[in-house]
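Architecture at a glance
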Amino acid sequence: MLFRSGLILDENGTQVTENIRVVAASWDWNDSLETETGEYQFTDLNAGAYRLRAESLDPETWFPLIYYPDAWRERDAEFVRISNEDSLTGINFTLHPGGRFSGSILPGDGGEFAEYGIRISTVGELYAGMIPENPANYRSSPIPQGEYHIFFAPMEEEDLHVGTWYGGGFEYNTADSISILTGQLTPGVDVVLPLGGGIEGT
C-alpha cells in the first residue's frame, strides 16, 4: 500500500476546516479527495512522481488554489516522488488568503449573451482562467494579492465579439491593471466586448 498524508494549514498554523479538495496528479494517474478536518491521506497510489494541489470548495473562501509546496502555478510545483512500499507523511499545505474582483461582461452592438472566459495575467504571464456562470454579474475566484491585467473573450467559435482587455484595447500593453488586496473584493471590473466580423473564402 502506497500512501501520502499531511495537513492543510492557514498562515497561523491552524488546520483549515473549510471543505478542501486535494488532488494528486501524475502523468498517468489522477486521484482526489475532499476533507473538512484539515488533514488528508491518499491510499493505494501507484508509484510515481506527483504534483499535489489543494483548493477550497467553499464559495465564500478567500483561499486561492495552491500547488505543493507553496506555488500558485502548476509549472512551479514540486514533484513528490513515491516508490514501491513508500509511506510519505508530513506533505503539508499552507493556504494563504487572497482577494477577488467582480463586474460585468456585456456583448456590444446588440449581441446576445454567450459563454465568456476570463484570463488573468500578471507581469505579462497567464496566471489563471475561469468561465463565469453569470457574465452580467460575475465574481472571480480568489487570486493572490498583486497587480493583474484581465482579458475577456467569448468561448464559442461562432461568436464574433472581439476579445478585449479590461480598460479597453486589444493589446496587453494598452490594458489597465487592477489591484487585488488580501481579503477584499475589487468591484467594477466591467467590459463591453465589441462586435467584430469574419472572413470566408475558397
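Everything numeric in this text was worked out from a predicted model, so none of it was measured. (Residues numbered from 1 in each chain as written. Predicted model: local features only at pLDDT ≥ 70, side-chain atom pairs only at ≥ 80, totals over all residues. Heavy atoms only, no water.)

Turning next to the overall build of the chain. A count of helices and strands for the chain gives zero helices and 19 strands. Taken over the C-alpha atoms alone, the chain extends approximately 60 × 45 × 25 Å along its principal axes. A total of 202 residues make up the chain; the buried ones form 43% of that total. Summarising the internal contacts of the chain: among those between residues at least 6 apart in sequence, 69% fall at separations of at least 24. Total accessible area on the chain is roughly 11100 Å²; 46% of this is exposed by carbon and sulfur atoms. A gap of 6 Å separates the mean positions of the 10 positive and 32 negative side-chain charges of the chain. (Helix = DSSP H or I, 4+ residues; strand = E, 2+ residues; numbered from the N terminus. Buried < 20%, exposed > 50% of the residue type's maximum accessible area, 1.4 Å probe, protein only. Contact = heavy atoms within 4.5 Å. Areas by Shrake-Rupley, 256 points an atom, 1.4 Å probe, with all protein chains shown as cover. Lys, Arg positive; Asp, Glu negative; His and termini not counted. Charge placed at Lys NZ, Arg CZ, Asp CG, Glu CD.)

The next point concerns the environment of Arg81. By the secondary structure assignment, Arg81 is in strand β7 (residues 80-82). Linking Arg81 and Ala49, residues 32 residues apart in sequence, is a C-alpha distance of 4.3 Å.

Turning to the confidence of the model for the chain, a few remarks are in order. Residue-level pLDDT values for the chain average 88, and 92% of them are 70 or greater. For the chain, the element scoring lowest by mean pLDDT is strand β8 (residues 87-88), at 78; strand β18 (residues 185-186) scores highest, at 98. (pLDDT = per-residue confidence, 0-100.)

Further remarks concern the nonpolar core. In terms of nonpolar packing, the biggest core is built from 20 residues, with Ile8, Val22, Tyr40, Leu52, Phe93 and Leu95 touching the most fellow members. Leave out the neighbours within four places in its chain, and Val22 touches Ile8, Asp31, Ser32, Leu33, Tyr40, Phe42, Arg53, Ala54 and Phe93. Residues Tyr138, Tyr148, Tyr166 and Val191 belong to the second largest nonpolar core, which totals 18 residues. (Core = buried A, V, L, I, M, F, W, Y, C linked by side-chain atoms within 4.5 Å.)

Among the surface-exposed residues, Glu115, Glu156, Glu157 and Glu158 lie close enough to one another that they form a single negatively charged patch. With respect to the helices and strands, Glu158 occurs in the loop between β15 (146-154) and β16 (164-165). (Patch = residues over 30% accessible without salt bridge, like charges linked within 9 Å, V, L, I, M, F, W, Y side chains within 5 Å. Salt bridge = Lys/Arg side-chain N within 4 Å of Asp/Glu carboxyl O.)

Moving on to the layout of surface pockets. Of the pockets and cavities examined, the largest pocket occupies roughly 510 Å³. Lining the largest pocket we find 21 residues, and of these Glu55, Leu65, Met130, Ser141 and Pro142 sit closest to its centre. Broken down by secondary-structure element, the contributors of at least two residues to the lining of the largest pocket are β5 (48-56) and β13 (125-130). In terms of residue count, β13 provides more of the lining of the largest pocket than any other element does, five residues in total. Partitioning the lining of the largest pocket into residue classes produces 12 nonpolar, five polar and four charged. Of the pockets and cavities examined, the second largest pocket occupies roughly 170 Å³. (1 Å grid on protein atoms, 1.4 Å probe; cavity = no way out; pocket = protein on both sides within 12 Å on 5 of 7 lines; lining within 4 Å. Points joined across faces, edges and corners; volume = space filled by probe spheres on them. Nonpolar A, V, L, I, M, F, W, Y, C, P; charged D, E, K, R; others polar.)

Applying the stated criterion to the full structure yields four salt bridges. With a closest N to O distance of 3.4 Å, Arg21 and Glu55 form a salt bridge. You can see Arg21 sitting in strand β2 (residues 20-25) and its partner Glu55 sitting in strand β5, a full 34 residues away along the chain. Here Arg21 falls in the partly exposed class, since its relative accessible area comes to 26%. In this structure, Arg51 engages Glu74 in a salt bridge whose closest nitrogen and oxygen atoms are separated by 4.0 Å.

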